[in-house]
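Spelled out, the chains give:
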Number of protein chains: 2
Amino acid sequence: MTVTVGLGPGIFDGRFGLANKKPAHLAQIPDLPSDNLAAATTGGDLSLQACADDPQVAYHAIRDLARMARGTATVRWTVLGFGRASAGKNQTTPRNLMGFKDGTRNITSDADYDEFVWLGDSAGWMAGGTYQVVRKIEMNIEIWDADVISDQQRVFGRTKVDGAPLSGGSEHTTPDFHAKAGGELKIDPRSHVSLAAHEHHGGVKILRRPYNYTDGLNQYGQLDAGLLFTAYMNDPEHFTRIQTRLGSSDRLNEYISHIGSAVFAVPPAPRAGEYIGQALFR
Amino acid sequence: MTVTVGLGPGIFDGRFGLANKKPAHLAQIPDLPSDNLAAATTGGDLSLQACADDPQVAYHAIRDLARMARGTATVRWTVLGFGRASAGKNQTTPRNLMGFKDGTRNITSDADYDEFVWLGDSAGWMAGGTYQVVRKIEMNIEIWDADVISDQQRVFGRTKVDGAPLSGGSEHTTPDFHAKAGGELKIDPRSHVSLAAHEHHGGVKILRRPYNYTDGLNQYGQLDAGLLFTAYMNDPEHFTRIQTRLGSSDRLNEYISHIGSAVFAVPPAPRAGEYIGQALFR
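Residues numbered from 1 in each chain as written. Chains lettered and ligands numbered in written order. Predicted model: local features only at pLDDT ≥ 70, side-chain atom pairs only at ≥ 80, totals over all residues. Heavy atoms only, no water.

S.K.: Hey, could you run me through the overall build of chain A in this one?
M.R.: Helices and strands together make up the secondary structure of chain A, namely 6 helices and 9 strands. Whereas a compact globule of 282 residues would reach a radius of gyration of roughly 19 Å, chain A reaches 19 Å, a difference of no more than 12%. For chain A, restricting intrachain contacts to residue pairs at least 6 apart in sequence, the fraction spanning at least 24 positions comes to 70%. With the model as given, the accessible surface of chain A reaches about 13300 Å², and the carbon-plus-sulfur share is 51%. Considering chain A, the positive charge centre built from 28 side chains and the negative charge centre built from 31 side chains are found 3 Å apart. (Helix = DSSP H or I, 4+ residues; strand = E, 2+ residues; numbered from the N terminus. Rg over C-alpha atoms; globule rule 2.2 N^0.38 Å. Contact = heavy atoms within 4.5 Å. Areas by Shrake-Rupley, 256 points an atom, 1.4 Å probe, with all protein chains shown as cover. Lys, Arg positive; Asp, Glu negative; His and termini not counted. Charge placed at Lys NZ, Arg CZ, Asp CG, Glu CD.)

S.K.: Is there a simple way to think about the UniProt feature "domain: Dyp-type peroxidase C-terminal" (unreviewed entry) in chain A in this case?
M.R.: Under the present numbering, the feature "domain: Dyp-type peroxidase C-terminal" (unreviewed entry) in UniProt falls on residues 93-269 of chain A. Secondary structure across residues 93-269 of chain A comprises 22% helix and 25% strand; the distance between its end C-alpha atoms is 27 Å. (UniProt positions renumbered as here; feature names shortened; annotations may be inferred.)

S.K.: Which parts of the structure should I look at to understand the packing of aromatic side chains?
M.R.: Centre distance and the angle of the planes are the two values used to describe a pair of aromatic rings. Within the structure shown, the criterion is met by 16 aromatic pairs over all chains. When the centroid spacing of 6.2 Å and the interplanar angle of 35 degrees are considered together, the rings of Phe-12 of chain A and Trp-125 of chain A count as tilted. Remark: Trp-125 of chain A occurs in the loop between helix 2 (110-117) and strand 3 (130-139) and Phe-12 of chain A occurs in the loop between strand 1 (2-7) and strand 2 (46-51); sequence separation between them is 113 residues. Like Phe-12 of chain A, the residue Trp-125 of chain A is buried in the burial classification. What links up through ring pairs into an aromatic cluster is the set Phe-100, Trp-144, Phe-156 and Tyr-255 of chain A. Seen from the ring of Tyr-213 of chain B, Lys-136 of chain B lies directly overhead, with NZ or CZ sitting 4.7 Å from the centre. (Phe/Tyr/Trp six-rings, centres within 6.5 Å; stacked < 30°, edge-to-face > 60°. Buried < 20%, exposed > 50% of the residue type's maximum accessible area, 1.4 Å probe, protein only. Lys NZ or Arg CZ within 6 Å of the ring centre and 35° of its normal.)

S.K.: Looking at this structure, how should I read helix 1 (residues 55-68) of chain A?
M.R.: Every α-helix carries 3.6 residues per turn, so stepping three or four residues along brings you back to the same face. Along its 14 residues, helix 1 of chain A runs 20 Å from first to last C-alpha, staying within 8% of the 20 Å computed at 1.5 Å per residue. By the burial criterion, the buried members of helix 1 of chain A are Gln-56, Ala-58, Tyr-59, Ala-61, Arg-63 and Asp-64 of chain A. Each element contacted by the buried residues of helix 1 of chain A is listed here: strand 2 of chain A together with helix 3 (141-146), strand 7 (211-217) and strand 8 (223-233) of chain B. Measuring from the backbone nitrogen of Gln-56 of chain A back to the side-chain oxygen at the start of helix 1 of chain A gives 2.8 Å, which picks out Asp-54 of chain A as the cap. (Expected span 1.5 Å × (residues − 1). Polar contact = N/O pair within 3.5 Å; in protein donor to acceptor, adjacent residues only side chain to side chain.)

S.K.: What's the story with the interface of chain B and chain A in this structure? I'm lost.
M.R.: Interfaces are often described in size by the accessible area the parts lose on coming together. The partner chain A presents 29 residues to the 29 residues of chain B that form the contact. Interface area, chain B with chain A, both sides summed: about 2500 Å², of which 60% is carbon and sulfur. Together, Gln-56, Tyr-59 and Arg-63 of chain B form the three largest contributors to the area buried by chain B at its contact with chain A, with a combined 28%. The tally of links between chain B and chain A comes to 2 salt bridges. Across the pair Arg-63 of chain B and Asp-145 of chain A runs a salt bridge whose closest N-O atoms are separated by 2.9 Å. Where chain B packs against chain A, one counts 12 residue pairs in polar contact (both at pLDDT 80 or more). Only helix 1 (55-68), helix 3, strand 7 and strand 8 of chain B provide two or more residues apiece to the side of chain B that touches chain A. Looking at the side of chain B that touches chain A residue by residue, the class counts come to 14 nonpolar, 8 polar and 7 charged. (Buried area = accessible area lost by both parts, 1.4 Å probe. Salt bridge = Lys/Arg side-chain N within 4 Å of Asp/Glu carboxyl O. Nonpolar A, V, L, I, M, F, W, Y, C, P; charged D, E, K, R; others polar.)

S.K.: Looking at this structure, I do not really get the relation of the copies chain B and chain A. What am I missing?
M.R.: Comparison of the two chain copies shows a relationship of rotation about an axis with a shift along it. When chain B is fitted to chain A, the residual RMSD is 0.0 Å, and the transformation amounts to a turn of 180 degrees plus an axial shift of 0.0 Å. On the angle and the small slide along the axis, the relation comes out as a two-fold axis. Judged by C-alpha distance, Asp-215 of chain B is the residue of chain B that lies nearest the rotation axis, at 3.4 Å. (Least-squares fit on C-alpha atoms with pLDDT ≥ 70 in both.)

S.K.: Just checking my understanding: could you explain the side chain of Gln-56 of chain A for this structure?
M.R.: Mapping Gln-56 of chain A onto the fold places it in helix 1. A relative accessible area of 15% places Gln-56 of chain A in the buried class. Here Gln-56 of chain A is in contact with Phe-82, Gly-83, Arg-95, Asn-96, Leu-97 and Asn-212 of chain B, once residues within four sequence places are set aside.

S.K.: Is there a simple way to think about the environment of Thr-92 of chain A in this case?
M.R.: Residue and element names in this part refer to chain A. Among the structural elements, Thr-92 can be located in the loop between helix 1 and helix 2. Since its relative accessible area comes to 71%, Thr-92 is described here as exposed. Sequence-wise, Thr-92 and Glu-138 are 46 residues apart; in three dimensions their C-alpha atoms are separated by 25 Å.

S.K.: Where do I start with the environment of Gly-157 of chain B in this structure?
M.R.: All names here are of chain B. As for its position among the elements, Gly-157 is in the loop between helix 4 (149-156) and strand 4 (180-181). Exposure remark for Gly-157: the relative accessible area of 0% places this residue in the buried category. In sequence terms Gly-157 and Ser-167 are 10 residues apart; their C-alpha atoms lie 8.4 Å from each other. Not counting the four nearest positions on each side in its chain, Gly-157 is found in contact with Ala-164, Pro-165, Leu-166, Ile-187, Ser-191 and Val-193.

S.K.: Teacher, can you tell me more about helix 4 (residues 149-156) of chain A here?
M.R.: Residues and elements named next belong to chain A. If you check which residues of helix 4 are buried, you get Gln-152, Gln-153, Val-155 and Phe-156. Along the axis of helix 4, the buried positions cluster into a sector of 155 degrees, meaning they face one direction only. Looking at the buried residues of helix 4, the elements they touch are helix 3 (141-145) and helix 5 (192-196). One or two residues past the end of helix 4 sits Gly-157, with phi positive at roughly 85 degrees. (Arc of directions from axis to C-beta.)

S.K.: Even after reading the chapter, I still don't get the UniProt feature "domain: Dyp-type peroxidase N-terminal" (unreviewed entry) in chain A, so can you show me in this structure?
M.R.: The UniProt entry lists residues 2-82 of chain A under the feature "domain: Dyp-type peroxidase N-terminal" (unreviewed entry), expressed in the numbering used here. Across residues 2-82 of chain A, the secondary structure splits into 17% helix and 15% strand, with the terminal C-alpha atoms separated by 15 Å.

S.K.: Even after reading the chapter, I still don't get the pattern of salt bridges, so can you show me in this structure?
M.R.: One side chain can pair with another of opposite charge once the charged atoms of both are near each other. All names here are of chain A. On inspection of all chains with the given rule, the structure shows 26 salt bridges over all chains. Note that Arg-67 is salt-bridged to Asp-64, the shortest N-O span being 3.2 Å. With Arg-67 and Asp-64 both in helix 1 and 3 residues apart, this pair spans about one turn of that helix. One salt bridge in this structure joins Arg-282 and Glu-274, with 2.9 Å as the shortest N-O distance. By relative accessible area, Arg-282 is classed as exposed at 60%. Judged by relative accessible area, which is 30%, Glu-274 ranks as partly exposed. Shared partners join several salt bridges into a network, and the residues in it are Asp-13, Arg-15 and Asp-45.

S.K.: What is the right way to read unusual backbone geometry from this model?
M.R.: Most peptide bonds are trans, and most residues other than glycine sit at a negative phi. Residues and elements named next belong to chain A. For Ser-34, which is not glycine, the phi torsion reads 75 degrees and is therefore positive. Relative to the helices and strands, Ser-34 is located in the loop between strand 1 and strand 2. Looking at Ser-34, the relative accessible area reads 46%, which means it is partly exposed.

S.K.: Quick question: what am I supposed to make of the environment of Ala-52 of chain B here?
M.R.: All names here are of chain B. Within the secondary structure, Ala-52 sits in the loop between strand 2 (46-51) and helix 1. For the pair formed by Ala-52 and Gly-260, sequence separation is 208 residues and the distance between their alpha carbons is 23 Å. With residues up to four places along the chain from it excluded, the contact list for Ala-52 reads Met-1, Val-57 and Ala-58.

Shown next, in the form of structure tokens:
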């Protein structure tokens, strides 16, 4: 099991005498196009992400930490995620609840981690840490399931079975966003894969680590499920930049809704004998 | 993956011309002591239980079956369970969200399956089938966590670490409900293990197959979690008898609440070339 701890902007708002330690890039995510945020699944001063092979282990960790914090902190919102969507190093790419492979182009190399995820020495006490962006993304499952596969593939810009870009090749072939057939781009410029591509964001990448979730049924009796999108990056503005474009134009927006949002600074892992965030109190 | 299909009492209420095929013991579970049922998690004409090692596989099955049924049936309630609490044959006993081993005395022998689970030839088209009782049981996690271990052990009648009965021995030692220490019964007669014991119900056993669940937070901001109790038996009255006693006297009632209830007839597995419940339409 791993537990990742994040500190929200509220930790540095003056209540705790830590305003002068505020991480340089920690600020609320601004309102973004297509946002449909619910207060009940937005914000928070602390983030706890427990990951384990057995959900019971993860649940127990969160609940025990919540118990220890009683009287000091309360639980604002929780999500039980399952079946991580994005692949990591040496993993095959899992699928999200839309049935598509998710995470084919995720960060895996040490060089990319160093360039896009970890904070360098200039970050002061946050050196070796990162930022965490969390978005709860509801999927309109019934509507998606009623769509034909050819349109679903157009929405993503990839094939459903293999995850190959519609410009050709196999899953890990680099998409060719200029390839045409019959005068039309093979990968729709409003497809998810195109709008999210680092080639269209000045080469900026983020580390995605999303999980599927289900909350049973919604108020309309429809399946209430989606993706708990969690991503790590050395500047949350990188997410903002990507989501600004996705929220404006993504063909996927017909089938999803961003209902939750939060941002946190993740302190570096503690050295032996130290505790998480110890440098914050020096 | 396995999918288990159940037919609720409503299937045989005359709407579908099947009133004369109603399984002999299929009837709504009566109101029971301590019941706190919510309409939103009670009843239903069909039950679908999908079990798999990967929750995404189970979720996909339920959602695809719901999709195929669109226009004919709608989803009434769903629960995503994890970490089956009761052990089966050759499995170590897992723990429920109260941290105790759950299922130590569960049915495992073929003889017990034949005597208490499967319906015999006298059941007509249901021969080889069984009944399924489902109860959604909310746990007051924070209150439970605030209790001392010695009291938690008294509530269950077992030790928390090993799951041994408080009358002594190890996990699989048969509890001695008459053993005393200092004039007091070692296993509290109002403990869960004592009230649920088949010795106290005329030897009647049921096959338990419960799962943990979490629904995030409740309206009071407390952890909303518990046990989706699912059990199989050849007469739902066996459950009613056991729960009548538990609902009246169980020390555990301080920490749990039965918020959902349903009963179903489970047709026998189809023979090669047949479909589930085919005998029902002959």
